[in-house]
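# What the coordinates show
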Amino acid sequence: MKKPLGPVRRAFSPWDNPSEQPFIEFCNVTKRFGRVVAVDDLSLKIYEREFHALLGGSGCGKTTLIRMLAGFEVPSEGQIYLQGQDLSGVPPYKRPMNMMFQSYALFPHMSVTKNIAFGLEMDGLPSREIKDRVYDMLALVRLEGFAKRRPHQLTDGQRQRVALARSLAKRPKVLLLDEPLAALEKKLREETQLELINLQEQLKITFLIVTHDQEEAMTVADRISLMHMGKIMQNATPGEIYEQPNSRFVAEFLGDINVLDGQISKKQDDEVQLYSSVLGDHLDVHYPTPAEVGDHAALAIRPEKMRISLDKPEQTDINAIRGEVWDIAYMGDVSIYHVKVAETETLRAIVANTTRLVQRPITWEDQVWLSWDSDAGVILLA
Amino acid sequence: MIDHNLSSVGLTRTEPAPAPRHEPEAPENTPTNPTGTWGRFALICVPYVWLLLFFLIPFVIVAMVSLDEVTVAVPPYLPVIEWGRGVAGLWEAVQHWSLSNYVRLVEEALYWQAYLSSLRIAFLSTLLTVLVGFPIAYGMARAPRSWQPILVMMVILPFWTSFLIRAYAWIGILRTDGLLNQALLSVGLINEPLFLLNTSGAVYVGIIYTYLPFMVLPLYSALERLDTTLTEAAEDLGCPPWKTFWYVTVPLAKPGLIAGCLLVFIPVMGEFIIPDLLGGSSTQMIGQTLWVEFFSHRDWPIASAITIVLLAVLIIPILLFQRHETRRSEEET
C-alpha cells in the first residue's frame, strides 16, 4: 500500500549542507518566568520538511520553546525567524503555523466539521472551498462518518485525529505538536506515530514535536534536540544521539548505558586506552576524542553491545572482564544480566532471547566473562 | 529476583477456574418490600406536599380572588365561598366570578404601562448587568488562582448588610446634597449639584448595584471552568482575540449567562423597593402598583389579577430557558 520511507528519509539531511537556509531559526533565545529561566540562550536551526523532536523531561523548557514559536510566549531575549523573517511582534493568529495541543483543545460547542473549518472560516475562505477542505481532512484522518459529532461523543483516538485534522486544515508551513500522543494508550500511540511519519511525508510540511517519550522521538523524528534545564544538550539524528552521545546526561537519558569512570592512559589517534581504577584494568576504546593522556574520562557502553559468556573469549583484540551474575531480569524478548565486576560496580548486558530457553547456560552466581569490541563504547568527557 | 525459568513462567500456568458466580442478594427496599415502598413514597411526598401547601394552594386562592369583586368587608372581596354548604356554595361563588379585573388591566393605561415599564426596566437592567458583570466575571476567572476566593468573597460581601440599608445608602450618595454631588462640586467638575435622586437613572444604578452579584457569580463559575487552551487554539487558528471572545468565550459561558440573566430579569420584573426609594414618582413599576393596590386601596382582586399576569409574563422566559436546557442535554446524550 505505502512505500517504506526508509531510503527517502536516509537521504534527507539538509543540516549537513552548510549552504542550506534554515526554515525556522532560534537565535540566542532566553525566556524567564520571574526568576526561573525556562529557556536559556538557546539556538536551534530547523530545516524545511524536517521532522524535528524536542525531547526532555518535564520542566526542561521544551514546551516553552514551542509556545514561543507559536507566539503564546514572548522571548525575554533573542529572536525567532521563520524563513528568515523575524517573528517578534507577530501575534499567534498571524503566524503561518498551527499547533496541535496536548489536551487537543477541541471546541466543545462545535461539531467535528465546525472544529476543522474554524481556521478556514477565520481566513474568510469561500464556503465551497471550506467544505472541500474539511472533507479532505476528514478523509485524511479517516473520520468521514463522524463529521456531525461533538468532541465529547468521540473516543480519545478520534479526538486526537480531529485535533490533527484541524491543525492541518489551514495547510500551515509548520505543524507544532505539543505532546500529541500522550493521552493515547500504548498500542494506539505506536500506530499513530507511524501515521504521523507518513502524513509528514505526504504533506511535505515541517513538523516540530515536543515529547518526553524517547521512543516516540526516536521513531518519528529526523533529528532530536535533547533538552535539559533550558538548553539543548545534543541535537542530532536518532542514530547519532543514541550511538554517539556527547555527554553523560545524553547517554543516560536515552536508553540504558554502562558508564565506567577512569583516566586516559594511552592515546594514539583514535585508539585510546582508559584505566579504570575500580576494575584495575586498562580498557581499549576506538573513539575519536579530544581528551589527552591523564585526563579524566568515562567509557560508556550500551548493554546490548556487551557479550556474556562462561568461558574467556578467545579473541584478544577485545575487552574482556570477569564478573559474577548478580541478577537476571527476564523481559520476554530480552534478558538483562546484572554482572558484578567489582565490589562497587555492576554492569548490565542485554541478551536477546533467540531461543525458547529450553536450557539456559548462564544463571545466578555464575562466574562469567563480559566482553565488548573496542569500538562498541564511547568516551565521555562531561 | 525475577524468575526466568520458562517452565514456571509460561508452561505450567493454568487458566484459573471461573469464579463461582454470585447470586445477586435480594436488596432491601425493593418495590416488593411493602415497608420500603411506603418509605420511598413518604420521602418523595415531602417536596410535593411542600409545593402543594406553599405554592399550589396559595396560587389557586390568588387566582380565585383575582376573579372576585372588591368590597369593603373582611375579607375585602366578594363572593366568599361558603365551604359549609359544600358544592352548592362553591357553585354559587363560581357563578359570580368574572374576568372584569383582567379587562381593567388591559383597559386602564396605569396598569399596562406599569407592566411595560417593568419589562423595559428589567430588560435594560439585565443588559446592563451583563455589560458590567461580564468583564468583572472574566477578570475574576483570569485572576491568579490564589486571589479568586478573595474576589468571590468581595462579590458576596455586600449581602452581609441588609438590602434596605444599602438602598438607603444610595439615597445618601445620590441626593442633591449627597456624597456624589459634594465630591463633584469640590473637584470642580460641576458648578450646580446634579439632580440624580428620583430619576430613572437612579433606579438603574440601584438595580445594577443590587443584582450584579447574581450575574457575576454564575458567569464566573462558567468562565472559571473554561480551558484557556481553547482560546489559545482559536488564536492559533487565525482568530484575533476579540473574535475569539465572541466565537469561543461567549458560547462556552452561555449557560452561566442565561442563568445570570434569569436571576436578574425575574426579580427585577417584580422589584418595588428600589424604584420606590430611588425612583420616586419618575418610575412606576408593576411591583409598586401591586403594593399600592393591595395595601393602600385594599383592592385584593385587582392586585391578585396583577400577580397572575406578572406570573404569566415571567413564565415565558423560564420556559424558553428550559427548552434550551433540554435541547442541550438531548444533544449531549
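Everything numeric in this text was worked out from a predicted model, so none of it was measured.

## Describing the UniProt feature "transmembrane region" (unreviewed entry) in chain B
According to UniProt, the "transmembrane region" (unreviewed entry) feature falls on residues 41-67, 119-138, 150-171, 202-223, 244-268 and 300-321 of chain B. With 100% helix and 0% strand, residues 119-138 of chain B has end C-alpha atoms that lie 28 Å from one another.

## As for the interface of chain A and chain B
Facing 34 residues of chain A, the contacting portion of chain B comprises 29 residues. Together chain A and chain B conceal approximately 2700 Å² of surface at their shared face, both sides included; 63% is due to carbon and sulfur atoms. For chain A, the biggest contributors to the area lost against chain B are A:Tyr93, A:Met122 and A:Tyr330; these three give 24% of the whole. One can count 1 salt bridge joining chain A with chain B. Salt-bridge contacts for B:Glu232 lead to A:Arg67; the nearest nitrogen and oxygen are separated by 2.6 Å. Elements with a minimum of two residues in the side of chain A that touches chain B: α2 (62-70), β6 (97-100), α3 (112-122) and β16 (319-330) of chain A. The biggest single contributor to the side of chain A that touches chain B is β16(A), with 5 residues. Looking at the side of chain A that touches chain B residue by residue, the class counts come to 20 nonpolar, 7 polar and 7 charged.

## Comments concerning the side chain of B:Ser117
All names here are of chain B. Positionally, Ser 117 belongs in helix α5 (residues 109-142). Looking at Ser 117, the relative accessible area reads 9%, which means it is buried. Those residues within four positions of Ser 117 in sequence are excluded, and the remaining contacts are Gln 284 and Met 285.

## Considerations on the environment of A:Asn115
When you line up the elements, A:Asn115 lands in helix α3. Distance in space between the C-alpha atoms of A:Asn115 and A:Gly89 is 27 Å, their sequence separation being 26 residues.

## Regarding the UniProt feature "domain: ABC transporter" (unreviewed entry) in chain A
Under the UniProt annotation, the feature "domain: ABC transporter" (unreviewed entry) is placed at residues 24-254 of chain A. For residues 24-254 of chain A, helix accounts for 36% and strand for 26%, while the C-alpha atoms at its two ends are 26 Å apart.

## Regarding the sheet that holds strand β12 (residues 271-276) of chain A
Residue and element names in this part refer to chain A. If you walk across this open sheet you meet the 5 strands as β13-β12-β11-β14-β20, and the pairing is antiparallel. What marks the edges here is a single partner per strand, and that holds for β13 (281-286) and β20 (378-380). Mean inter-strand twist for the sheet, computed between neighbouring axes without regard to direction, equals 45 degrees. Sheet topology places strand β11 (residues 258-268) next to β12; 5 bridges connect them, and they run antiparallel. When the bridges of β12 are listed, Lys 266 appears paired with Gln 273.

## Observations regarding the packing of aromatic side chains
Centre distance and the angle of the planes are the two values used to describe a pair of aromatic rings. Going through the model one piece at a time under the given rule, you end up with 20 aromatic pairs over all chains. Put simply, the rings of B:Tyr77, B:Phe272, B:Trp291, B:Phe294, B:Phe295 and B:Trp300 touch in pairs and so form one group of aromatic residues. The ring of A:Trp326 has A:Lys340 lying over it, and the distance from NZ or CZ to the ring centre is 4.3 Å.

## Some points on the domain arrangement of chain A
Residue and element names in this part refer to chain A. According to the domain assignment, chain A contains domain 1 (14-96 + 172-251) and domain 2 (256-381). Taken over C-alpha atoms, the centre of domain 1 sits 34 Å from the centre of domain 2. For domain 1, the biggest contributors to the area lost against domain 2 are Tyr 242, Arg 248 and Ala 251; these three give 64% of the whole. At the junction of domain 1 with domain 2, the criterion picks out 2 salt bridges. The closest approach of N and O atoms between Arg 248 and Asp 261, which form a salt bridge, is 2.5 Å. Where domain 1 meets domain 2, there are 5 residue pairs in polar contact (both at pLDDT 80 or more). Within the residue set of the side of domain 1 that touches domain 2, elements represented by two or more residues are α8 (238-243) and α9 (248-253). Here the element with the most residues in the side of domain 1 that touches domain 2 is α8; it accounts for 3 residues.

About the thresholds
Residues numbered from 1 in each chain as written. Chains lettered and ligands numbered in written order. Predicted model: local features only at pLDDT ≥ 70, side-chain atom pairs only at ≥ 80, totals over all residues. Heavy atoms only, no water. UniProt positions renumbered as here; feature names shortened; annotations may be inferred. Helix = DSSP H or I, 4+ residues; strand = E, 2+ residues; numbered from the N terminus. Contact = heavy atoms within 4.5 Å. Buried area = accessible area lost by both parts, 1.4 Å probe. Salt bridge = Lys/Arg side-chain N within 4 Å of Asp/Glu carboxyl O. Nonpolar A, V, L, I, M, F, W, Y, C, P; charged D, E, K, R; others polar. Buried < 20%, exposed > 50% of the residue type's maximum accessible area, 1.4 Å probe, protein only. Pairing = 2+ DSSP bridges. Axes fitted to C-alpha atoms, helices over the stretch in contact; angles between N-to-C directions. Phe/Tyr/Trp six-rings, centres within 6.5 Å; stacked < 30°, edge-to-face > 60°. Lys NZ or Arg CZ within 6 Å of the ring centre and 35° of its normal. Domains from an automatic or database assignment. Polar contact = N/O pair within 3.5 Å; in protein donor to acceptor, adjacent residues only side chain to side chain.

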